[in-house]
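For reference, the chains in residue letters:
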Amino acid sequence: MPAPRAFADLRALARRASRRPDEADDLLQTALLAALESGRNDLAAPEARRWLSGVIRKRATFDARSAARAAVAKPAGMRLNPTPRPMPRGLP
């Protein structure tokens, strides 16, 4: 587990990289889980901290792009598949 200071530094980085504090905690948790899954045991080592910083930055960028794509794909209050309206009478 990272030392308390290393953890605080990584959390601060996650807060800067995300838009909301709860997203920052999720980013940090995702990065720590990725480190454990990849076999990184000494998370307080400088190279592990650099690796974790990269994971946090890249994941924050990915999440921001995904949110932007979702906002463009379906604007608020707009349905993608509107119900077809009947043709007005008197038109061919």
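In case you missed it, the structure is sitting above this.
How each quantity is defined
Residues numbered from 1 in each chain as written. Predicted model: local features only at pLDDT ≥ 70, side-chain atom pairs only at ≥ 80, totals over all residues. Heavy atoms only, no water. Helix = DSSP H or I, 4+ residues; strand = E, 2+ residues; numbered from the N terminus. Buried < 20%, exposed > 50% of the residue type's maximum accessible area, 1.4 Å probe, protein only. Contact = heavy atoms within 4.5 Å. Core = buried A, V, L, I, M, F, W, Y, C linked by side-chain atoms within 4.5 Å. Axes fitted to C-alpha atoms, helices over the stretch in contact; angles between N-to-C directions. Parallel < 35°, antiparallel > 145°, perpendicular 65-115°, else oblique. Left-handed = near helix turned anticlockwise from the far one by under 90°. Nonpolar A, V, L, I, M, F, W, Y, C, P; charged D, E, K, R; others polar. Expected span 1.5 Å × (residues − 1). Arc of directions from axis to C-beta.

S.K.: Would you mind going over the overall build of the protein chain in detail, with residue names and values included?
M.R.: Summing up its helical and strand segments, the protein chain has 3 helices and 0 strands in all. In the protein chain, the succession of helices and strands from N to C terminus is α-α-α. Evaluated residue by residue, the protein chain yields a buried proportion of 22% over its 92 residues. For the protein chain, the proportion of contacts with a sequence separation of at least 24, taken over those separated by at least 6, is 53%.

S.K.: Go over the nonpolar core, please, and point to the residues and values.
M.R.: For soluble globular proteins, nonpolar side chains are generally found buried alongside one another. Counting 13 residues, the largest nonpolar core has Ala14, Leu28, Leu52 and Ile56 as the members making the most contacts within it. In terms of residues, this core owes the most to one element, helix 2 (residues 21-37), which gives 6 residues. Beyond its immediate sequence surroundings of up to four residues, Ile56 is in contact with Leu10, Leu13, Ala14, Ala17, Leu27, Leu28 and Ala31.

S.K.: How would you sum up the packing of helix 1 (residues 4-17) against helix 2? Please name residues and give values.
M.R.: Here helix 1 crosses helix 2 at 125°, and the two axes come no closer than 8 Å. Taken together, the axes of helix 1 and helix 2 lie oblique to each other. The element helix 1 and its partner helix 2 pack so that their crossing is right-handed. Where helix 1 abuts helix 2, its residues Phe7, Leu10, Arg11, Ala14 and Arg15 lie against Pro21, Ala24, Asp25, Leu27, Leu28 and Leu32. Counted by class, the contact of helix 1 with helix 2 contains 8 nonpolar, no polar and 3 charged residues.

S.K.: So, helix 2: which residues are in play, and what are the values?
M.R.: A rise of 1.5 Å per residue sets the reference length of helix 2, with its 17 residues, at 24 Å; its end C-alpha atoms lie 24 Å apart and thus fit the reference within 8%. Following helix 2 by one or two positions, Gly39 has its phi on the positive side, about 90°.

S.K.: So what about helix 1? Which residues, and what values?
M.R.: Each turn of an α-helix holds 3.6 residues, which means side chains three or four residues apart point in the same direction. Helix length check: helix 1 (14 residues) gives 20 Å between terminal C-alpha atoms against 20 Å at 1.5 Å per residue, within 8%. Residues Ala6, Leu10, Leu13 and Ala14 constitute the buried set of helix 1. When helix 1 is viewed along its axis, its buried side chains cluster within an angular range of 100° and face the same direction. Away from its buried face, by an angle of more than 90 degrees, helix 1 presents the exposed residues Pro4, Arg5 and Arg16.

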